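Report on the structure
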Amino acid sequence: TESAAPGAQVCVDVQVDGFQSIAGLQYSMSWDTDVVQYVEIRNINSAFTGFSLENIGEDDAADGILRVQWNDFSFVGVTLPDEAVLYQLCYNVVGDAGDNSVIAFTNNPLGQEVINTNTEEVPFESRNGRVNVSGDPPPPSDCDENAQPICISKETAIVGEEVCVVATDQNFDGIGSAQFTITF
């Protein structure tokens, strides 16, 4: 379960337990598009051999449906420790404070199936996730997603009054450090 304010982006971990010598899997996922809108899959576990964005069916993501299908055709299989994160599902929060969306594993349109290296079906036992919408929406800004990597909100204040601005990152990925000057 994750919580985020309206307008924020939130990522939900998809984790596994009992992932021993797995050679194939498939399932569908769903969510409430009035609360969250799909953005992308991130942070695919590098030990999940052969799994990539090509294994994700995003055609119906705007309607709240995602398909996942993967096979290890070498039948070497993949073993991951309990609570290992396979990947993260990232969403933009579009609902209002107090709303929530279940992130559900479903059989529709793609049925749930897990196969081990002995071609035996392994029980698919899932636990759904949830995104809770909390707090207030982020302050307005005139940031362009193609602009500078740091965005500062625009605020109005009366002379002598204290005012706070919000600095947010835009598309920070793999940044080890940053140095900059704010001028006002």
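Structural notes, computed from the coordinates. Worth saying up front: this structure is predicted, and the values here are computed from it rather than measured.

What follows concerns the sheet that holds strand 4 (residues 36-42). If you trace the three strands from one edge of the open sheet to the other, you get 2-8-4, paired in antiparallel fashion. Lying at the two open borders of the sheet, with one neighbouring strand each, are strand 2 (9-16) and strand 4. Averaged over all pairs of adjacent strands, the angle between their axes in this sheet comes to 30°, without regard to strand direction. Pairing between strand 2 and strand 8 (residues 84-93): eight bridges, direction antiparallel. Across the sheet, residue Asp13 finds its bridge partner in strand 8, namely Gln88.

Attention now goes to the pattern of salt bridges. According to the stated counting rule, one finds two salt bridges in the structure shown. Close ionic contact of Arg42 with Glu40 constitutes a salt bridge, the shortest N to O distance being 2.5 Å. Taking the relative accessible area as the measure of exposure, Arg42 reaches 28% and is therefore partly exposed. For Glu40, a relative accessible area of 30% translates into the label partly exposed. We note a salt bridge from Arg67 to Asp60, for which the minimum N-O separation is 2.7 Å.

In this section: the state of the cysteines. For the structure shown, the criterion picks out one disulfide. Residue pairing for Cys11: its cysteine sulfur links by disulfide to Cys90, the two sulfurs lying 2.1 Å apart. Taking the sign of the torsion about the S-S bond as the criterion, the disulfide between Cys11 and Cys90, at about 105°, is right-handed. With a gap of 79 residues between them, Cys11 in strand 2 and Cys90 in strand 8 connect regions that are remote in the sequence.

Once that is clear, we can look at a nonpolar patch on the surface. A cluster of nonpolar side chains, Ile152, Phe180 and Ile182, forms an exposed patch at the surface whose accessible area comes to about 280 Å². Within the secondary structure, Ile152 is located in strand 13 (residues 150-152). Classification of Ile152 by relative accessible area gives partly exposed; the value is 32%.

Below, the discussion takes up unusual backbone geometry. Along the chain, Asn108 connects to Pro109 via a cis peptide bond; the corresponding omega equals 10°. In this model, Asn43 sits at a positive phi of 50°, which is unusual for a non-glycine residue. Looking at where Asn43 falls in the secondary structure, it is placed in the loop between strand 4 and strand 5 (56-57). By relative accessible area, Asn43 is classed as exposed at 54%. Its identity is not glycine, yet Thr119 carries a phi of approximately 60°, on the positive side. Tracing the backbone shows Thr119 in the loop between strand 10 (113-116) and strand 11 (121-122).

Below, the discussion takes up the side chain of Thr106. Among the secondary structure elements, Thr106 is positioned in strand 9 (residues 100-106). Residue classification places Thr106 among the buried residues on the basis of a relative accessible area of 17%. Excluding residues within four positions of it along the chain, Thr106 makes contact with Tyr27, Ser28, Met29, Ser30 and Gln112.

Let's shift gears to the packing of aromatic side chains. Counting across every chain of the model gives ten aromatic pairs. Between Trp31 and Tyr38 the ring centres are 5.9 Å apart and the planes differ by 25°, which places this aromatic pair in the stacked class. Overall, the relative accessible area of 16% leaves Tyr38 in the buried class. Judged by centre distance (5.8 Å) and plane angle (65°), the rings of Phe105 and Phe124 are edge-to-face. In this pair, Phe105 sits in strand 9 while Phe124 sits in the loop between strand 11 and strand 12 (129-133), placing the two residues 19 residues apart along the sequence. For Phe124, a relative accessible area of 23% puts it in the partly exposed group. Through a chain of ring-to-ring contacts, the aromatic side chains of Phe19, Phe48, Phe51, Trp70 and Tyr87 assemble into a single cluster.

Parameters and conventions
- Counting restarts for each chain, with residues numbered from 1 along the sequence as it is written.
- Per-residue local features are limited, in this predicted model, to residues with pLDDT of at least 70; the limit for side-chain atom pairs, both in listing and counting, is 80 or more; totals at the level of whole chains, interfaces and linings are taken over all residues.
- To get the side-chain values, take all heavy atoms of the structure and skip hydrogens and water.
- By this definition, two strands are paired if DSSP reports at least two bridges between them.
- A helix here means a DSSP run of H or I that spans at least four residues, while a strand means a run of E at least two residues long, and both kinds are numbered starting from the N terminus.
- With axes taken as lines fitted to C-alpha atoms, and helix axes fitted only over the stretch in contact, angles between N-to-C directions fall between 0 and 180 degrees.
- Should a side-chain nitrogen of Lys or Arg be within 4 Å of a carboxyl oxygen of Asp or Glu, the pair is scored as a salt bridge.
- We call a residue buried when its accessible area falls under 20% of the maximum for its residue type, exposed when it is over 50%, and partly exposed in between, using a 1.4 Å probe and counting protein chains only.
- By disulfide we mean two sulfur atoms from cysteines, separated by a distance within 2.5 Å.
- Only residues whose relative accessible area exceeds 30% and that form no salt bridge enter a patch; like-charged residues are grouped when within 9 Å of one another, and nonpolar side chains (Val, Leu, Ile, Met, Phe, Trp, Tyr) when within 5 Å.
- Where accessible areas are quoted, they stem from the Shrake-Rupley method and a 1.4 Å probe; at the residue level, only the protein chains shown are allowed to cover.
- Contacts: residue pairs with any heavy atoms within 4.5 Å of one another.
- Aromatic rings from Phe, Tyr and Trp, taking only the six-membered ring of Trp, are treated as a pair when their centres fall within 6.5 Å; an angle between ring planes under 30 degrees marks them as stacked, one over 60 as edge-to-face, and anything in between as tilted.

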